[in-house]
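An overview of the molecular structure
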Amino acid sequence: MARKIASKLRHVDFYRKIPSDLTEATLAGGSLSIAAAVFIAFLVVAEFKSFMALETESHMVVDRSPPGELLRVNFNISFPALSCEYATLDVSDAIGSKKLNLTKTVRKTVIDEVSLRRVGRSVEDFKRPEPKYDDALVDFDDEDFDEEDFKQSLNEKTWNAHMKHYDVVVVNFFAPWCSWCQQLSPTWEAVTQAIHEKYPESDGRIRMAKVDCVANKKLCVEHQITAYPSIRIFIHGSDDVTNVMGQHMHLAYYGDRTMEALTRLAEQAAVAQGKPHHGITQASTVSQEGSGCNFQGMILAKKVPGTLHFSARAPGHSVDYMNMNMSHHVHHFYFGNKPTPRRRKALVQYHPLGLTSDWSDKLSGMAFVSNYVGATFEHYLQTVLTSIQPKKNKWARFDAYEYTAQSHTYDTADHASVKFTYKMSPIQIVVNEKSKPLYHFITAMCAVVGGVFTVLGMLDSAVYSAKSLKKKVDLGKQG
């Protein structure tokens, strides 16, 4: 029974053997065999590398981000001609959300206007309260002050003499067109009268003064006055004080502008008699080691069109926007999180077209300069979410935000500023790792081995036949 089965199996043998004494080895056949072996080995290695290589496929879908997911916006921007004293960041979006003077996630640093070098440590910004004013105008009598008209503003000619004569001078830098200055004016004159009555000129301890910054622009620029009214305290002719970090600061006042508050300030300054400023508890300090400001931080915003609005503004102050230069240097401005070096290396492989140097931050390192004051800069950014979703390396999963940027500068009549307007695309690009079945690799291996063996076998047969024919021809000639 077994022999019958074996006999039948022999009849279906696809690989019938030829006795070795019926075969003939040739030099051409040996050469082609070696070539076939080398070629097969090369193709097998190449096919194996292709099988192991990473392949991705991209799909465009409607954004599938979780409901309520927030967009992280990161920025680091330097303004060489914008003072940190009144620099602010406002954030708004298309559905009505608005945050004015954002401070919790923003740090401001005073910088040098030329080198953009930081001249102080970064500090978290804070909101100043709206200063209070007296409800009614304060009446005062100046009949007893014929010896000096204290209403008269100081100017460049009288400044030095006035500073040398008194231990402490409290100066109100104002502009006639400023509504806040107009509201402060009667209270300031009343306080001046009261303080000068208590501390006459012969006392020499304190004097209240004011400077018209429209008529004395050079004097105000010299003292870095950028908004009105600005109240500074000069001790022995200087408002320069040094904080615990060794940083030079202006001695300024940002409190209420009532007669009670200003009188308390003047009384403290008079009691100090020109000694260190620490006794003047009503005073504050603002850095003077540079006229520029650096904004660094982040915001979390809804995924709707929105705007980051950098400008100069402060409660109870008027800013002269027509004399403001909003030139700026963008160190970085990007969305989402920054990938770690390891993850970035993986993204180079997974991203459909690889990563360019500015793939996520088109504005990095760019400077936007205006040769005239009062200009507004606007940057329009269109953002697309690319989700990298590998199957094997789960740690390499990443949401990459890429954007295009268009910038424009135009003249504004009332409010110079810098705007970064962004818009999220409703389309999400999903990049998946393309899987390769093992049978594809096995099929390719069979095709490589069988194909090379067959083709070179045909070539060997052709060579052998050509040689045999040549022999017959040669024999025929001899006969």
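Residues numbered from 1 in each chain as written. Predicted model: local features only at pLDDT ≥ 70, side-chain atom pairs only at ≥ 80, totals over all residues. Heavy atoms only, no water.

Here we look at the state of the cysteines
Applying the stated rule across the entire model yields two disulfides. A disulfide bridge connects Cys 84 with Cys 293, and the sulfur atoms are separated by 2.0 Å. Between Cys 84 and Cys 293 the sulfur-sulfur dihedral comes to about 100 degrees; the bridge is accordingly right-handed. Highlighted residues: Cys 84 in the loop between strand 2 (70-79) and strand 3 (87-93) and Cys 293 in strand 14 (residues 292-302), separated in sequence by 209 residues. (Disulfide = S-S within 2.5 Å. Helix = DSSP H or I, 4+ residues; strand = E, 2+ residues; numbered from the N terminus.)

As for the side chain of Ser 78
Here Ser 78 shows up in strand 2. Under the relative-accessibility criterion, Ser 78 is labelled buried at 1%. Once residues within four sequence positions are removed from consideration, Ser 78 is found in contact with Ile 111, Leu 116, Cys 293, Asn 294, Ser 327, His 328, His 329 and His 331. (Buried < 20%, exposed > 50% of the residue type's maximum accessible area, 1.4 Å probe, protein only. Contact = heavy atoms within 4.5 Å.)

Let's talk about the nonpolar core
Phe 75, Leu 308, Phe 310 and Phe 333 are the most contacted members of the largest nonpolar core, which totals 45 residues. Among the elements that make up this core, the one with the highest residue count is strand 2 (five residues). Look past the residues within four positions of Leu 308 in its chain and what remains in contact with it is Val 73, Phe 75, Leu 89, Asp 90, Val 91, Ile 299, Phe 333, Val 418, Lys 419, Phe 420 and Tyr 422. Tyr 133, Val 168, Met 208 and Ile 235 belong to the second-largest nonpolar core, a separate cluster that totals 21 residues. (Core = buried A, V, L, I, M, F, W, Y, C linked by side-chain atoms within 4.5 Å.)

Describing the packing of aromatic side chains
Applying the stated criterion across every chain, the model contains 16 aromatic pairs. Ring geometry for Phe 333 versus Phe 420: centroids 4.6 Å apart, planes at 10 degrees, classification stacked. Placement of the pair is Phe 333 in strand 17 (residues 328-335) and Phe 420 in strand 21 (residues 418-433), with a sequence separation of 87 residues. An angle of 85 degrees between the planes, with centres 5.6 Å apart, marks the rings of Phe 335 and Tyr 403 as edge-to-face. Residue Phe 335 is located in strand 17, and its partner Tyr 403 is located in strand 20 (residues 398-411); the two are separated by 68 residues in the primary sequence. The pair formed by Phe 335 and Tyr 403 is uniform in burial state, with each residue classed as buried. (Phe/Tyr/Trp six-rings, centres within 6.5 Å; stacked < 30°, edge-to-face > 60°.)

Considering the confidence of the model for the chain
Looking at the chain as a whole, the pLDDT averages 81, with 85% of positions reaching at least 70. Averaged pLDDT values for the elements of the chain fall to 51 in strand 13 (residues 284-287) and rise to 95 in strand 17. Under a pLDDT of 50 for its full length, residues 138-150 has, in the predicted model, 26 contacts with residues more than four places off or in other chains. (pLDDT = per-residue confidence, 0-100.)

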